[in-house]
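Reading the structure
Each chain is listed here by its residues.
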Amino acid sequence: MLDKLNEIEKTALESLQSITDQAALEAWRVANLGRSSPLMQVFTGLGKLSKEERPTVGAAANRVKTALESAWEERAQAIKEAALAKSLEEEALDVTLPGRAVRVGRLHPSTQQLRRVLDILAEMGFQVYTSREIETDEVNYQLLNFPPDHPARDMQDTFFVRAEGREDNPILLRTHTSPGQIHAMREYAAMNPENPPPIRIALPGMCFRFEQITARSEIQFNQVEGLVVGKNITFADLKGTLSDFARRMFGRHARTRFRASYFPFTEPSAEMDVECFVCGGKGCSVCKNSGWLEILGCGMVHPIVLQNGGYDPTRYSGYAWGMGPERQLMLRYRIDDIRYFWGNDLRFLEQF
Amino acid sequence: MKLPISWLKDYIDLDGLTVEDIARKLTLAGLEVEEIKYAGLPMPDHAGSGMHSSGRHEFKTSGISWDRDKIVVAEIREVMPHPNADRLTLLDLYDGQQNQVVLTGAPNIFHLKGTGKLAKPIKVAYAKEGSTIYDGHAEGLVLTTLKRAKIRGVESYSMACSEKELGISEEHEGIIILDDDAPVGMPLVDYMGDAVLDIAVVPNMARNANVMGVARELAALTGRELKKPVIEYRTEGESVENLVSIEITEPELNPRFVIGLIRDVEIKPSPYKIQRRLRLAGIRPINNVVDATNYAMLDQGEPLHAFDYDVLKSRAGNKNVKIITRSAKDGEKLTTLDDVERTLSSTNVLVCDEKGPLSIAGVMGGAESEVTDKTKNILLEGAAWNFINIRKTAKQHNLPSEASFRFSRGVHPSLAETGVKRGLQLMAEWSGGKIAPGLVDAYPLKPKDSVVDVSPRDVKRLLGIDLTVEQIAELLTRLEFKCEPTARGLRVTAPSHRLDIGEGVIGLADVLEEVARSYGYDNIPETRMSDSLPPQIGNPIYEWEERVRDLLVSLGLQEVVSYRLTSPERESRVVKYDEYVTLANPITPERRVMRRSLVASVLDAVEKNARAESIAMFEIGPVFEPVKSDPSTGSGQALPNEPRKLVLAMTGLRDALAWDVKESPNFDFYDMKGRVELLLSGLHFTDVSYIPTDSVPYLHPGKSAEVRVNEKVVGVFGELHPLVKDKYEVEEAPILVAEFDLDVLRTVSPSYEIKPVPDVPPVFEDIAVVLDESIPASKVEALIRQTGGRALANVKLFDVYRGEQVGAGKKSLAYSLTYQSDKTMTDAEAAAIRRKIVRRLEHELGARLRS
């Protein structure tokens, strides 16, 4: 009987050797470990054996069963691994084929740049103030210290709107966002006319100039202005704030330079240049070999403007500046044609 | 303004400062140097290579330097014929070291050919072999190095130069003939090497649009001495005061008028030094008299006008000349010296005699009294005019000139006398004329020099720097302000050449600007604000609109921004309006009105990108609605409304084509509706309804819907009407458009709350009903939701079926229902809700449950 068991074990293990698939393995299990397999027959026949033989044969049969089972398990594992390896190999893709496209949306580059600017200013404590695009001569010019027929008006060519009965105060397309300075100061001053609160605002928006549409000049453009008014605001603060802004906008080591200039609504006035970020000041076509880029005009708010806004210039002072997001984009990405911005060509817009 | 450095050096010692140092100081002080053009002086070593030795570059630079050893002053001793060429000559020339034979074709010495040894040698600018100059015959400016060559059998290796060859001007008609005192052998750069600063003059710097002004600024900025010219001359003959009188009728327009007289001038070219300076300054030399008026103007800032005295005398019938200044009569005529007859209006001011107009004041002289080659005696005018009036007149007649440029920005009346004297002095010097004693000076309106109080406290409060009274006085005195100490600080009086200093709070700002400039903007520290913070108001409208932008981008739409200016024709493809905000001065008819339809703007963008496989875009911005004027207020036309709109447009393929995506359906109504729904749910609107509409003219009447929030119409969307689409050059695919009124949408914007996520699993159930085709799906869903109540968490339409199984005129709608309650729901509870829903659908909509 023990010989028979050895024979069963030997035959079974031998036949297991050649099995490579799941179906054959199952057939083997039924044939060698199933109810009617020779090994199970041995267990069934144990009762017929003598008392002396029974423990020896029983122990031997159990050993063979354990051996066959573990051989089966091992084989099953091997077949599974082989099958997995095969399917992994078969499933392999050409990973160099293009990925599946998803249609994505984007903000217009001007909006992106406006946000960059306004985000930095927001962190510096400037709140966004917006106002209308069509204005009166009074708010766009007179209250900002541009008297009628003043040569300063030559600096900003104006689109006028056809309107009846407004010879003294024509309607026009705002030439800058500065009318918002007047609106804002008057709103703030109304909160407490005797002792108006301080102001720190950023004024973004579309402005218009009477210009030919060329690669270099446009009839509409965005502007962001800043306005600070308070009882303790100095030209040194202006320099500090705008240099801080430049370092946030153009890099931690951006160098700035303030040149005296002229704007009717500020005095003293200045232009802020930033060292050319294309060539690092060495001179290139972007900075026209000057090493510097004109980034913004600024100055201390003119006493007349403070007065017109409801702030007493003997107690309050302030500063203001204005800059162009499209110009910043043109410098940064070396865009040589300003007409791209309102051309709405997707091939331009999708690059941002 | 173009300013030669050599001229500046007449009035200030610039030793030790490079041209770039000077340009930098002026630029930082508000006289921005836009370009430096070298005409002889050594260029900084970076200019050629584009690099500064320190690695920095500061100014746009052009021009040429003259080699000290190779380009020198020389003299022509004889002009000899060329053996083989009639039109060329050979110069016997001495360069200070040796004799040279130089070949030239210059026409301006040709007449001396073969006349033998010259009695008086001619001084020229001589470039030796190996020197680098501009090629006189090339188009534009091309550098060339002189090499030995044979021209018609005669060896040539050097050159007598023209102005073009030396980078002085475009002039190449002949060689430069220097003044007789030019020292032979001297390096030309030492004799007349120059550099020209091109300075942008802003309106409040108009006083500096002259050499003296810039020299004064530079003296203040460097602390060096300003050397004013000595204006003294001999006079002879009868005093002008006995011969000419002046009547000013409107002092507001003509505060001062000064006249001088010079007799027996000989009209001829000015000295070369003067011609060269004028050319470098951008003014064409004419003759010694005209040049003297221009030179004096550039020198001192006072535009002058020269009259032929004999013409005026004969007009006066040989009696005394009376000059009258007055406003022109409307329609009055004057022929100006450019030989154009100009029709004048009452805004123009005229200089007249008793017979009639002589010139347009401050803008242009008349032809009749103009100086000619035959002129012998000259009346020289220096006057002051109202700058606004001159600005209007120059604009009206389109006559920009050096004179009107200055007068329209303001010239101080005190300069009238200085200017006339300087002009007379130069004329006498260059023409041999004799100056008559005295000046006729009518000065009815003398401007008051502004007086301003300024204190160290003011300086600290506005500039943020600590200066003592003495320091402030020192800075202002350099700019010729008079300073007297007071208890608080200083009382300063503006110098009498300045019109830009006010009084009171304005004057204080004006004076503080001068303190800051004189101190140096770059010396003012950078500080962070220490003032108290403002009230926090924010900008909810702006913030909400930015949220809308973000949502639309997340839905795959590209933002576009269009011109606000358009034409009614362009918009009429979409919608016709009678009234527009119309420009009075459009740049082109294509952009003559402010847009009323944002849909038209975005459809223009769609058309522009028609070739794209797929388009999904949006724009947010204002449209401009004219507002009828209210006659009762009498304030004229009102400002337009600027409501803010949102427009979405989609067309083309829904899916991106690729190697495994061979085709795709076009975007249709439901693609747009999906975006609209997601936008509104992203903004947390809940009570949204979509009502069929056929009243939007630009939309397909059967494929358009009104969007209502809380029963308020906030927008419309649908497929573009085929007739509208036909007006655009676009592809076949339908175009979907949505238009929202953002101001309305924002006002109905809801608040919302976040619900807890349920712990118990939901129960799902499907239900399909058959009903009449005419019943809109939205009605069915609304009834299901209403009936299901709180337990019915979600209703989703998953199938729409039409066909034989449901019969003609009917449709089957299949919904999947999601029940959700606080505790696990039993089948019986779910069945009860379902029965209720079915019953109401049957009763109210005539629906039949589909088995």
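Quick notes on the rules
Sequence positions are assigned chain by chain, starting from 1 and proceeding in written order. In the order they appear in the text, chains get letters beginning with A and ligands get numbers beginning with 1. Per-residue local features of the predicted model are confined to residues with pLDDT of at least 70, and side-chain atom pairs are confined, for both listing and counting, to 80 or more; whole-chain, interface and lining totals are unaffected and use all residues. As a rule here, side-chain values come from all non-hydrogen atoms in the structure, and water together with hydrogens is ignored. Comment: elements are numbered from the N terminus, with helices defined as DSSP H or I runs of at least four residues and strands as E runs of at least two. Our radius of gyration is a C-alpha quantity, and the globule rule it is checked against amounts to 2.2 Å times the number of residues to the power 0.38. Each residue's exposure class comes from its accessible area (1.4 Å probe, protein chains only) as a fraction of the maximum for that residue type: buried when under 20%, exposed when over 50%, partly exposed otherwise. The contact rule is simple, with two residues in contact once any of their heavy atoms fall within 4.5 Å. Each accessible area value is a Shrake-Rupley result obtained with a 1.4 Å probe; residue values ignore everything except the protein chains displayed when judging cover. For the purpose of charge, His is not counted, nor are the chain termini; Lys and Arg are scored as positive and Asp and Glu as negative. A charge is said to be at NZ when it belongs to Lys, at CZ for Arg, at CG for Asp and at CD for Glu. Where each domain starts and ends follows an automatic or database-derived domain assignment. If DSSP finds at least two bridges between two strands, the strands pair. One side-chain nitrogen of Lys or Arg within 4 Å of one carboxyl oxygen of Asp or Glu is enough to make a salt bridge. Every angle, taken between N-to-C directions, lies between 0 and 180 degrees, and every axis is a line fitted to C-alpha atoms, over only the stretch in contact when it is a helix. Under this scheme an angle from 65 to 115 degrees is roughly perpendicular, one under 35 degrees roughly parallel, and one over 145 degrees roughly antiparallel; angles in between are oblique. Left-handed describes a crossing whose near helix is turned anticlockwise from the far helix by less than a right angle; the clockwise case is right-handed. Under this grouping Gly is polar, as are all residues other than the nonpolar Ala, Val, Leu, Ile, Met, Phe, Trp, Tyr, Cys and Pro and the charged Asp, Glu, Lys and Arg. As a working definition, buried area equals the accessible area (1.4 Å probe) given up by two parts on being put together, with both sides summed. What qualifies as a polar contact is a pair of N or O atoms within 3.5 Å, subject to a donor-acceptor requirement within protein and to the restriction that residues adjacent in sequence count only when both atoms come from side chains. Within this scheme, the nonpolar core is defined by two criteria: the residues are buried Ala, Val, Leu, Ile, Met, Phe, Trp, Tyr or Cys, and they are joined through side-chain atoms within 4.5 Å. Note on aromatic contacts: the rings of Phe and Tyr and the six-membered ring of Trp form a pair at centre separations within 6.5 Å, being stacked when their planes are under 30 degrees apart, edge-to-face when over 60 apart, and tilted otherwise.

Looking now at the overall build of chain B. On a plain count of helices and strands, chain B comes out with 22 helices and 41 strands. In summary, chain B has a C-alpha radius of gyration of 42 Å against a globular reference of 29 Å for 851 residues, an excess of more than 25%. Each principal axis of the C-alpha distribution contributes one length, and for chain B these read about 130 × 75 × 60 Å. Taking all 851 residues of chain B together, 54% fall into the buried category. A separation of at least 24 residues holds for 68% of the contacts in chain B among residues at least 6 apart in sequence. On chain B, roughly 38400 Å² of surface is accessible, and the fraction owed to carbon and sulfur atoms is 50%. Here chain B contributes 107 positive and 128 negative side-chain charges, whose respective centroids are spaced 1 Å apart.

With that settled, consider the overall build of chain A. The number of helices and strands found in chain A is 12 helices and nine strands. Its C-alpha atoms give chain A a radius of gyration of 43 Å, more than 25% over the compact-globule value 20 Å for 352 residues. Put simply, chain A has 352 residues, and 57% of those count as buried. Looking at charge distribution, chain A has the averaged site of its 42 positive side-chain charges lying 4 Å from that of its 46 negative ones.

One can read the domain layout of chain A as domain 1 (2-90) and domain 2 (109-349). Averaged C-alpha coordinates put domain 1 of chain A and domain 2 of chain A at centres separated by 89 Å.

Moving on, we get to the pairing of strand β14 (residues 244-248) of chain B. Residue and element names in this part refer to chain B. By the alternation rule, side chains of β14 split into V244, I246 and I248, which are all buried, and S245 and E247, of which none is buried. In the sheet, β14 pairs with strand β17 (residues 321-327) via five bridges, with the strands oriented parallel. When the bridges of β17 are listed, I246 appears paired with I323.

For the structure on display, the rule yields 84 salt bridges over all chains. For D353(B), the salt bridge goes to R315(B), with nearest N and O atoms at 2.7 Å. Highlighted residues: D353(B) in strand β20 (residues 349-353) and R315(B) in helix α8 (residues 309-315), separated in sequence by 38 residues. For R315(B), a relative accessible area of 14% corresponds to the buried category. Within this structure, R115(A), E545(B), E546(B), R549(B), D550(B), E559(B) and R644(B) form a network of salt bridges that share partners.

Our focus in this paragraph is the packing of helix α6 (residues 272-280) of chain B against helix α7 (residues 288-300) of chain B. Residues and elements named next belong to chain B. Where α6 meets α7, the axes come as close as 11 Å, and the angle between the chain directions of the two elements is 60°. The angle between α6 and α7 falls in the class oblique. Note that α6 runs across α7; the crossing there is left-handed. Along its contact with α6, which presents I274, R277 and L278, the element α7 presents D291, N294, Y295 and L298. Partitioned by chemical class, the residues of the contact of α6 with α7 number four nonpolar, one polar and two charged.

With 113 residues of chain A at the contact, the number on the chain B side is 101 residues. When chain A packs against chain B, close to 9000 Å² is buried across both sides, 55% of that on carbon and sulfur atoms. Where chain A meets chain B, there are nine salt bridges. When the shortest N-O distance is used, the salt bridge between R103(A) and E613(B) registers 3.8 Å. Across the contact surface, chain A and chain B share 51 residue pairs in polar contact (both at pLDDT 80 or more).

The strands making up a sheet associate through backbone hydrogen bonding, with each pair oriented either parallel or antiparallel. Residues and elements named next belong to chain B. Taken together, the seven strands give an open sheet; going across it, the order is β29-β32-β33-β37-β36-β35-β34, and neighbouring strands pair in mixed fashion. Two strands bound the open sheet, and with one partner strand each, they are β29 (558-559) and β34 (688-692). Pairing analysis gives five bridges linking strand β36 (residues 712-720) to strand β37 (residues 735-741), with the strands arranged antiparallel. Note on β37: the bridge partner recorded for V716 is E739. Helix α18 (residues 669-682) contacts β33 (644-652), β34, β35 (699-709), β36 and β37 of the sheet and is inclined by roughly 145° relative to β33.

Residue and element names in this part refer to chain B. The strand order β39-β40-β38-β41 describes an open sheet built from four strands, whose pairing is antiparallel. Each having just a single partner strand, β39 (792-801) and β41 (848-849) make up the two edges of the open sheet. Bridge count for strand β38 (residues 763-772) against strand β40 (residues 810-819) is 10 bridges, and the pairing is antiparallel. Pairing of D772 across the sheet is with K810, part of β40. Its contacts with the sheet place helix α22 (residues 827-845) against β38, β39, β40 and β41, and it is angled at close to 15° to β38.

This next bit is on the nonpolar core. Core analysis: the biggest nonpolar cluster contains 108 residues, and L8(B), L166(B) and L197(B) have the highest contact counts within it. Within the second largest apolar cluster, 66 residues are counted, among which are I120(A), L467(B), V515(B) and M529(B).

As a further point, take unusual backbone geometry. A cis amide bond links E267(A) to the next residue, P268(A), at an omega of -5°. Turning to its location among the elements, P268(A) is positioned in strand β7 (residues 266-275).

Before going further, it helps to examine the packing of aromatic side chains. For any pair of aromatic rings, the description consists of the separation of the ring centres together with the inter-plane angle of the planes. This structure, assessed with the given rule, holds 21 aromatic pairs over all chains. With a centroid separation of 5.6 Å and 80° between ring planes, the pair formed by F159(A) and F210(A) is classed as edge-to-face. Separated by 51 residues along the polypeptide, F159(A) in the loop between α6 (137-140) and β3 (171-173) and F210(A) in the loop between β4 (199-208) and β5 (220-230) bring together distant segments of the chain. Look at F257(B) and W385(B): their rings are 6.1 Å apart centre to centre, the planes differ by 80°, and that puts the pair in the edge-to-face class. Of this pair, F257(B) sits in strand β15 (residues 256-263) while W385(B) is found in the loop between β23 (378-384) and α9 (387-396), placing the two residues 128 residues apart along the sequence. Assigned by exposure class, F257(B) and W385(B) land together as buried. By the ring-pair criterion, three or more aromatic residues cluster together here, those being Y333(A), Y340(A), F341(A), W342(A), F348(A) and F352(A).

Moving on to helix α10 (residues 325-333) of chain A. Among all positions of α10(A), only P325(A), E326(A), Q328(A), L329(A), M330(A) and L331(A) are buried. Immediately downstream of α10(A), the backbone of R334(A) shows phi near 50°, a positive value.

Quick look at the side chain of E217(B) now. Residue and element names in this part refer to chain B. Along the chain, E217 turns up in helix α5 (residues 211-222). Looking at E217, the relative accessible area reads 3%, which means it is buried. Those residues in contact with E217, other than ones at most four positions away along the chain, are L31, R207, N208, L479 and R517.

For E326(A), the location among the structural elements is in helix α10. The charged side chain of E326(A) is buried without a salt bridge, its nearest counter-charge being R564(B) at 9.2 Å. Excluding its chain neighbours within four sequence positions, the residues that come into contact with E326(A) are S110(A), F221(A), N222(A), F341(A) and W342(A).

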